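Structural overview
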Amino acid sequence: MNSQLERMKTKKGFIAALDQSGGSTPKALLHYGVLESAYTNDEEMFNLVHKMRTRIITSPAFNSEYILGAILFEQTMDSKIEGMYTADYLAQKKDILPFLKIDKGLADQANGVQLMKPIPDLDEILRRANERNIFGTKMRSVIKEANRDGIKEVVEQQFEIGKQIIAAGLVPIIEPEVDIYSQDREQSEAILKEELLKHLNDLNENENVMLKLSIPAIANTYKELTTHPRVVRVVALSGGYSREEANQKLKENDNIIASFSRALSEELNVNQSEEEFNQSLKEAVTSIYEASTVKE
């Protein structure tokens, strides 16, 4: 774990987010060229999305020279690639650290934010994650308005669950996403930074987290967080930007690397030949890698 932690902290690269789930799965498949008429129930839908993820993960373009980690959906963790559980395949065949999305989706909006829904089986999920050789976890909340009480609640919930994850021996990715289309985004990001710093300062030296944040409206808003001793890495989500936009904005922020989902797979299609697919993925991977800046 220590060598993995050191690699995540210092190595150049980015994290691939392959964790579309529930409501976002049909959209991801449609974007990939798979129509809703291609499946009749959830099981068939998840089998198709696992085929898509398998194609991405097994591609020669998906390798540890550029990619540090990959975030998986729970069903993907329990599925196999070439006879190996997905996380084992990533770690052993690709030398890429596996993460698991553990949240159960978002609660209804209140106080300008969407908290995470309760995770009643968290202990069991973490036990299974350890069995499957998962390195870390990811959980997402959303901030829509610059409401201090709401943002405070989001960060408190994230760190409370984050400490349970740390106690289970895993590294949590704390993801309080600020909606890039919100009217008072800059103010939301300023409040979020304050609240994150309060909680980071309360962690002890054995409690380490990663942060997954929207690319800020003002470049380097989160620079102070990237050097905090309790922060393993700050990663950015693409948040609705195209890959070109996300890469450009990411380049303006020191020490932050990508953790892109849609921006990674936006040009991939089920009907591409293997050569076309691998070339499209290679172009995506290399451009995101180059945009994932580390201050020298």
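Quick note: structure is the one above.
Attention in this report is confined to the structure presented alongside it. The model shown is predicted, which means the values in this text are computed figures rather than measured ones. (Residues numbered from 1 in each chain as written. Predicted model: local features only at pLDDT ≥ 70, side-chain atom pairs only at ≥ 80, totals over all residues. Heavy atoms only, no water.)

1. Digging into the packing of aromatic side chains
A ring pair, where both rings are aromatic, is described by two values, the distance of the centres and the angle of the planes. Tallying each qualifying case throughout the model produces three aromatic pairs. Ring geometry for F46 versus F73: centroids 5.4 Å apart, planes at 35°, classification tilted. Pair noted here: F46 is in helix α3 (residues 42-58) and F73 is in the loop between β2 (67-72) and α4 (74-77), with a separation of 27 residues, a long-range link. Classification of F46 as buried rests on a relative accessible area of 13%. Note on F73: relative accessible area 15%, which makes it buried. Summarising the aromatic geometry, the rings of F99 and F135 are spaced 5.4 Å apart at their centres and angled 85° between planes, so their arrangement reads as edge-to-face. Highlighted residues: F99 in strand β5 (residues 97-101) and F135 in the loop between α6 (122-131) and β7 (136-143), separated in sequence by 36 residues. A residue is classified by how much of its surface remains accessible, and F135, at 1% relative accessible area, is buried. Stacked on the ring of F277, the Lys or Arg R55 has its end atom at 4.1 Å from the ring centre. (Phe/Tyr/Trp six-rings, centres within 6.5 Å; stacked < 30°, edge-to-face > 60°. Helix = DSSP H or I, 4+ residues; strand = E, 2+ residues; numbered from the N terminus. Buried < 20%, exposed > 50% of the residue type's maximum accessible area, 1.4 Å probe, protein only. Lys NZ or Arg CZ within 6 Å of the ring centre and 35° of its normal.)

2. Focus on the packing of helix α2 (residues 24-31) against α3
As a packed pair, α2 and α3 sit with axes 10 Å apart at the nearest point and diverge in direction by 50°. Comparing the axis directions of α2 and α3 gives the class oblique. Handedness of the crossing formed by α2 with α3: left-handed. Mapping the contact onto sequence places T25, P26, A28 and L29 in α2 and M45, F46, L48, V49 and M52 in α3. Its residues placed into classes, the contact of α2 with α3 shows eight nonpolar, one polar and no charged. (Axes fitted to C-alpha atoms, helices over the stretch in contact; angles between N-to-C directions. Parallel < 35°, antiparallel > 145°, perpendicular 65-115°, else oblique. Left-handed = near helix turned anticlockwise from the far one by under 90°. Contact = heavy atoms within 4.5 Å. Nonpolar A, V, L, I, M, F, W, Y, C, P; charged D, E, K, R; others polar.)

3. Remarks on the packing of α6 against helix α7 (residues 148-167)
Two elements in contact, α6 and α7, have axes whose closest approach is 10 Å; the angle formed by their N-to-C orientations is 40°. Looking at the two axes, α6 sits oblique to α7. Our pair here, α6 against α7, has a crossing hand that is right-handed. From α6, L122, D123 and L126 reach across to α7, where they touch I161, Q164 and I165. Grouping the constituent residues of the contact of α6 with α7 by class yields four nonpolar, one polar and one charged.

4. Quick notes on the pairing of β5
Each regular strand displays side chains that alternate between the two surfaces of the sheet. For β5, the buried fraction is high: five of the five residues fall into the buried class. Here β5 shows two buried faces, one formed by L97, F99 and K101 and the other by P98 and L100. Note: β5 against β7, three bridges, orientation parallel. Counterpart to L100 in the pairing with β7 is T137. (Pairing = 2+ DSSP bridges.)

5. Things to note about α3
For α3, built from 17 residues, the straight-helix expectation of 24 Å at 1.5 Å per residue is met to within 8% by its first-to-last C-alpha distance of 24 Å. Among all positions of α3, only M45, F46, V49, H50, M52, R53, T54, R55, I56 and I57 are buried. Along its buried surface, α3 packs onto β1 (14-18), α2, α4, β3 (80-81), α5 (86-93) and α12 (274-291). The opening residue of α3, the one whose side-chain oxygen lies 3.2 Å from the backbone nitrogen of E43, is N41. (Expected span 1.5 Å × (residues − 1). Polar contact = N/O pair within 3.5 Å; in protein donor to acceptor, adjacent residues only side chain to side chain.)

6. Topic: the side chain of E175
Tracing the backbone through its elements, the reader meets E175 in strand β8 (residues 171-178). By relative accessible area, which is 2% here, E175 ends up buried. Looking at E175, its side chain comes within polar contact range of the side chain of K138, at 3.0 Å. Setting aside chain neighbours within four positions, we find E175 in contact with K138, M139, R140, S141, Q158, K212 and L237.

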